[in-house]
Amino acid sequence: MTITNGRRSGAATGPADPVAIDQWYAITALDEIPIGRTVRTELLGVPMSYCRDHDGSPLAWLTQDSLPAGAPVDARTLHAPLPTLADYGYLWTTVGEPDGGLFDIPETAEPDRRILNAGTFGIFTSGPRAVENFLDMGHLPFVHPGVLGQQPFTEIVDYQVEYRSSEIYAVNCLIFQPKAAAASTSGQMVNYTFRVPHPLCALLYKSTPEDDVRLDVIGLFVHPIDDGRVRAHLFNCLLDTVNTDGQLRRFQQGVLAQDKPILENQVPRQLPLDPDAEAPTRADKTSNAYRRWLSDLGMTYGVVARSNS
Amino acid sequence: MTAPDPGSLLHPVAGCADLVPRHVVKARLLGQDLAVWRADDDFVNVWADRCIHRGVRLTVAANDGAELVCPYHGWRYSNRSGNCAYMPAHPSDAPPRRLRVPTFRSEERYGLIWSGGSPEAEPPRLPHLEGEDTLVLRALPVNAPPDLALQGLLEWPCQPVPAPGDGASISCDSAGPFAVAVTARTGGTEEAVVHFVQPVDGGRCVIRPVMRGAPAADRRLSILRHHARQLEELRTRLESSAGSPVAVRGPSTPLQPLRRPTATAVSGRAPQLEVCVARKWLTAEGIAAFELAPVSGQLPSFQPGAHVDVHLPNGLVRQYSLTNGPGLTSVYRLGVKLEPDSRGGSRCMHVSVHEGDRLQLSEPHNNFPLRRDAARTVLIAGGIGVTPLLAMAQTLQRQELAYELHYFAQSDDHLAFGEVLEPLSTGLVKHLGLSPDQTADEIKKITHDYGTASHLYVCGPGPMIEATRAIAADSGWPEDAVHFEYFKNESELHDASSFEVRLARTGQTLVVGPGVSLLDSLRDAGVDMPSSCEQGVCGTCMATVLEGELDHQDVFFNDSERAAGDRILTCVSRAGGHKIVLDL
Ligand code: FES
Ligand SMILES: [Fe+2]
């Protein structure tokens, strides 16, 4: 990956990819951020730091020597602060100049929703590989057997992929799940909708036993540390009245713990965008659409770009 | 003398003893990551360490003894060929033959597995190691370029044995471009160790010492320790002289995977493979079994339910199902029943084809594919109809999927392939000496309780297939859950009509006259149509229909597929009206 001067004044290093730079990224769940104490990380390979101010509002800045990890922060003395958002329970920031705010998740406005960060996982992979895994139904019976899928019911029946206002939607995705509802004694086919509103964020809508009409929303928001390391946040926006936060977290963390070793054994870590680099089938329509979409956006960070484009 | 290109030579990649059963070992040669595994038939596979589907390392795949199973989406890859054998997301599809993991050569010599190299290359043959047992000593990975290691091995020779004794003469010589041999002579005894250097990549190597002779058990441990210590010292020296960071020089040529003749454009019905009858035996009353081995190279892989066309010495072409289970990839195994009214096919196989004879085959076609995503799989075999179902049963058994194999035959003596049936016993139910009515009653019992995700496969005499389909339909089995394969088309064929065919892609229009098949007309017009049975049984000559009424005369489609009218078997079926349009 070419290292050039970042877009924002003061950013020492960063990718040369304006598509990746000019995005908001979820760094950490707001309620996990210490108040007034520096936390250091990287975003797209650019060293940055963050904390919450004494009033609870998030602060982010390009890492400066005077503020080592744990150092007390005074918002007034920060030079070169980064823009921040506090949305969906996360601190979002950017090292570029995003065009507008964040994508909308209308369900988060419903008062009876349970919104929480069900877990943050460090994974040695690229952002696009992590998102593709989240969109992938074919792996459920193999990587999450007995939970999100079950062998031998491995067929992926045809579903539809659509582009709606420059987002990807995959609809009518059916998968056999052994424990679709708490009360079910035998498995059943579950209907998923996937939505990709952002190069490194994806959402999944799934029916819930607690409501006939509305859907549970589960999201994956990726914080790319660099092009081979991520922190993946699992966002929950559920209609669940049964499980405790702890139970919801344990469930999602169990799921991600199964994906992690697979993702860390994918080579290369970057997602190949060339259609011939890997061997997709009809079941991989969403992932094909995602790869094409990234390619059309001109994304070059965390991917192996197409040779001819 | 110029140094040979390392890419043209074979190099060691593992010790034979490292290939523990049902494991996959990681190796690297000339910058290529490799997954090395031994199948239950002892064949050693050296493959690129990457699932072609979504890039997962195959060194984390499961070795089930016959196939590697990728942990991400469960793609299965066959022993020997590296072909994808099954894609679980598409249970009714046979994976295209181009889906194949790159494979590399594998040879065993001196207790090591050798790979890479040009097709003609041989593992080195060294006088130091010939004619005796060898002891493979501990291999040592070194963070230093291979040439530096070779130089170091010459400069600081490792003593072959702990104390060679006074007056021992030690000689050290380069034993080929990637090996150093050390010999110690005392009196009449001579001990030799050859250090092979495996070029991992430009900056790293593995030193693999092999000792001549198998030392007595009481000396063995001290010898192993002695070598481990010496090599550790050598490593320290090498790594410090290589400096850090190691200058990684890329390999001169990347490793060349084996090329395989893949899915040659299927031309008509021409034979594509030459095989030799490796074994022929009488497996049951009136049933001859054949094992056909490739004359060169390896056999194309196939899925359960597949058949091959056998081009007989008398000029006839006959289809026989492959009975192979997933573990058997070195031969095709067929069963042929002697038909009393044989038109020359089965008689020729029984009487004129002998062990050692050569035969021409087509590549396997599969028009009777097995789904492996069923909650219940029922296999119903009538007599010799057991052959494709044997392949299915063995596959299901190996994958630990529940199945029942109902085998209807005249008597115990008529049961074919007893040695294959034996280990299937959990799923096998024999039905012997039943009349057609009794058979129908049994089938009623077997199929009476249809449940979702159940699939039924039937193969046998025509009337038995008819009966089974009717009974299953009565018991509520949906048509798409009932799969069948006839041996022959016993219906009377009508070819008196004449009609017009338009080819949508090429724009051609042809006229098919009376007495001429649609298939032949298409071929005359230059369309390269594949075919196999040419009697409406196997489905190989299928074309997609865009427009027009059809006169189906095959026994391949079920009723709803016929009614859909979107596909036609061109060998026997014709237009129902004056004109059809094909997607060709
Ligand atoms: S990555 Fe191996 S099966 Fe999908
Ligand atoms: Fe997953």
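Data block above holds the structure.
Now for a look at the structure at hand. The structure presented is a predicted model; accordingly, all values stated were derived computationally and were not measured.

Thoughts on the overall build of chain B
Stage number 1. Scanning chain B from terminus to terminus reveals nine helices and 35 strands.
Stage number 2. Based on the C-alpha atoms only, the size of chain B along its principal axes is roughly 95 × 55 × 45 Å.
Stage number 3. When the 584 residues of chain B are sorted by exposure, 53% land in the buried category.
Stage number 4. Counted over contacts in chain B with a minimum sequence separation of 6, partners at least 24 positions apart contribute 64%.
Stage number 5. As presented, chain B carries roughly 24,300 Å² of accessible surface, and 50% of it is formed by carbon and sulfur atoms.
Stage number 6. Both charge centroids of chain B, one from 54 positive and one from 69 negative side chains, sit 6 Å from each other.

Some details on the pairing of strand β8 (residues 90–93) of chain A
Residues and elements named next belong to chain A.
Stage number 1. What you see with β8 is no split at all: Y90 and W92 on one side and L91 and T93 on the other are buried throughout.
Stage number 2. When strand β3 (residues 25–29) meets β8, the two strands line up antiparallel, connected through four bridges. Residue pairing for β8: T28 is matched across the bridge by L91.
Stage number 3. Both strand β7 (residues 84–87) and β8 contribute to a ladder of four bridges, which runs antiparallel. When the bridges of β8 are listed, A86 appears paired with L91.
Stage number 4. The loop that links β7 with its antiparallel partner β8 comprises two residues; one of these, Y88, has a positive phi angle of about 55°.

So, the coordination of the iron ion (ligand 2)
Residues and elements named next belong to chain A.
Stage number 1. Donor atoms from the polypeptide that coordinate the iron ion (ligand 2) comprise H139 (NE2), H144 (NE2), D259 (OD) and D259 (OD), at 2.1 to 2.3 Å from the metal.
Stage number 2. One way to put it: the four donor atoms around the iron ion (ligand 2) meet at angles of 58 to 152°, and that makes the site irregular.
Stage number 3. Counting along the primary sequence, the residues that act as donors to the iron ion (ligand 2) give the motif H-x4-H-x114-D. Of this pair, H139 sits in the loop between α2 (127–134) and α3 (140–143) while D259 sits in helix α4 (residues 245–263); the two residues are 120 residues apart in sequence, bridging distant segments of the chain. Across this residue pair, the class does not change: H139 and D259 are buried.

Regarding the packing of aromatic side chains
Stage number 1. A full pass over the atoms with the stated rule returns 21 aromatic pairs over all chains.
Stage number 2. Between the aromatic rings of W114 of chain B and F196 of chain B, the centroid separation amounts to 5.1 Å while the plane-to-plane angle is 85°, which identifies the pairing as edge-to-face. Linking W114 of chain B in strand β11 (residues 112–116) with F196 of chain B in strand β16 (residues 189–201), this pair joins segments that are 82 residues apart in sequence. Side by side, W114 of chain B and F196 of chain B carry an identical accessibility label, which is buried.
Stage number 3. Of the aromatic side chains, those joined through ring pairs into one cluster are Y88, Y90, W92, F103, F221 and F235 of chain A.
Stage number 4. Just above the ring of Y169 of chain A sits the side chain of R164 of chain A; from NZ or CZ to the centre is 4.1 Å.
Stage number 5. For K285 of chain A, the ring lying beneath its charged end belongs to Y159 of chain A, and the centroid distance is 5.4 Å.

Some points on the side chain of E191 of chain B
Residues and elements named next belong to chain B.
Stage number 1. Mapping E191 onto the fold places it in strand β16.
Stage number 2. Among the polar contacts listed, one links the side chain of E191 to the side chain of R219, at a separation of 3.1 Å.
Stage number 3. If we ignore the near neighbours within four places in the chain, the residues touching E191 are P160, V161, V182, T183, A184, M211 and R219.

Section: helix α6 (residues 436–447) of chain B
Residue and element names in this part refer to chain B.
Stage number 1. In this model α6 runs 16 Å from its N-terminal to its C-terminal C-alpha over 12 residues, within 8% of the 16 Å that 1.5 Å per residue would give.
Stage number 2. Every buried residue belonging to α6 is among T439, A440, I443, I446 and T447, and all of these are buried. Along the axis of α6, the buried residues cluster in a sector spanning 120°; they form a single face. The exposed residues of α6 that point more than 90 degrees off its buried face are D437 and K445.

Digging into the sheet that holds strand β35 (residues 579–582) of chain B
Residues and elements named next belong to chain B.
Stage number 1. Reading across the sheet, the five strands line up as β30-β29-β35-β31-β33 and stay open at both edges, with mixed pairing between neighbours. Edge positions in the open sheet fall to β30 (509–512) and β33 (567–569), since each of these has one partner strand only. Ignoring which end each strand starts from, the neighbouring axes of this sheet average 40° apart.
Stage number 2. Inspection of the sheet shows strand β31 (residues 542–547) paired to β33 by three bridges, in the antiparallel sense. Bridge pairing in β33 places M542 opposite L569.

Quick notes on the interface of chain A and chain B
Many authors give the size of an interface as the accessible area that is lost as the parts come together.
Stage number 1. Listed by partner, the interface residues are 30 residues for chain A and 28 residues for chain B.
Stage number 2. The contact between chain A and chain B buries some 2,300 Å² in all, and 52% of this surface belongs to carbon and sulfur atoms.
Stage number 3. One can count five salt bridges joining chain A with chain B.
Stage number 4. Residue E132 of chain A pairs with R54 of chain B through a salt bridge whose shortest N-O separation is 3.6 Å.

Let's talk about empty space enclosed by the protein
Empty space among the atoms becomes visible once a probe the size of a water molecule is rolled across them.
Residue and element names in this part refer to chain B.
Stage number 1. Using the criterion set out here, one finds five cavities of 30 Å³ or more in the structure.
Stage number 2. Considering only enclosed or pocket space, the largest cavity measures out at about 220 Å³ in volume.
Stage number 3. Here the second largest cavity is characterised by a volume of approximately 60 Å³.
Stage number 4. Along its surface, the second largest cavity is lined by A85, Y86, P91, D93, A94, P95, Q303, P304, N366, P369, L370 and R372.
Stage number 5. Of the residues that constitute the lining of the second largest cavity, the class distribution is eight nonpolar, two polar and two charged.

Thresholds, definitions, all that
Residues numbered from 1 in each chain as written. Chains lettered and ligands numbered in written order. Predicted model: local features only at pLDDT ≥ 70, side-chain atom pairs only at ≥ 80, totals over all residues. Heavy atoms only, no water. Helix = DSSP H or I, 4+ residues; strand = E, 2+ residues; numbered from the N terminus. Buried < 20%, exposed > 50% of the residue type's maximum accessible area, 1.4 Å probe, protein only. Contact = heavy atoms within 4.5 Å. Areas by Shrake-Rupley, 256 points an atom, 1.4 Å probe, with all protein chains shown as cover. Lys, Arg positive; Asp, Glu negative; His and termini not counted. Charge placed at Lys NZ, Arg CZ, Asp CG, Glu CD. Pairing = 2+ DSSP bridges. Donors = N, O, S within 2.8 Å, 3.2 Å for Na, K, Ca; no water. Tetrahedral: all angles 85-135°; square planar, octahedral: opposite > 155°, others 65-115°. Phe/Tyr/Trp six-rings, centres within 6.5 Å; stacked < 30°, edge-to-face > 60°. Lys NZ or Arg CZ within 6 Å of the ring centre and 35° of its normal. Polar contact = N/O pair within 3.5 Å; in protein donor to acceptor, adjacent residues only side chain to side chain. Expected span 1.5 Å × (residues − 1). Arc of directions from axis to C-beta. Axes fitted to C-alpha atoms, helices over the stretch in contact; angles between N-to-C directions. Buried area = accessible area lost by both parts, 1.4 Å probe. Salt bridge = Lys/Arg side-chain N within 4 Å of Asp/Glu carboxyl O. 1 Å grid on protein atoms, 1.4 Å probe; cavity = no way out; pocket = protein on both sides within 12 Å on 5 of 7 lines; lining within 4 Å. Points joined across faces, edges and corners; volume = space filled by probe spheres on them. Nonpolar A, V, L, I, M, F, W, Y, C, P; charged D, E, K, R; others polar.

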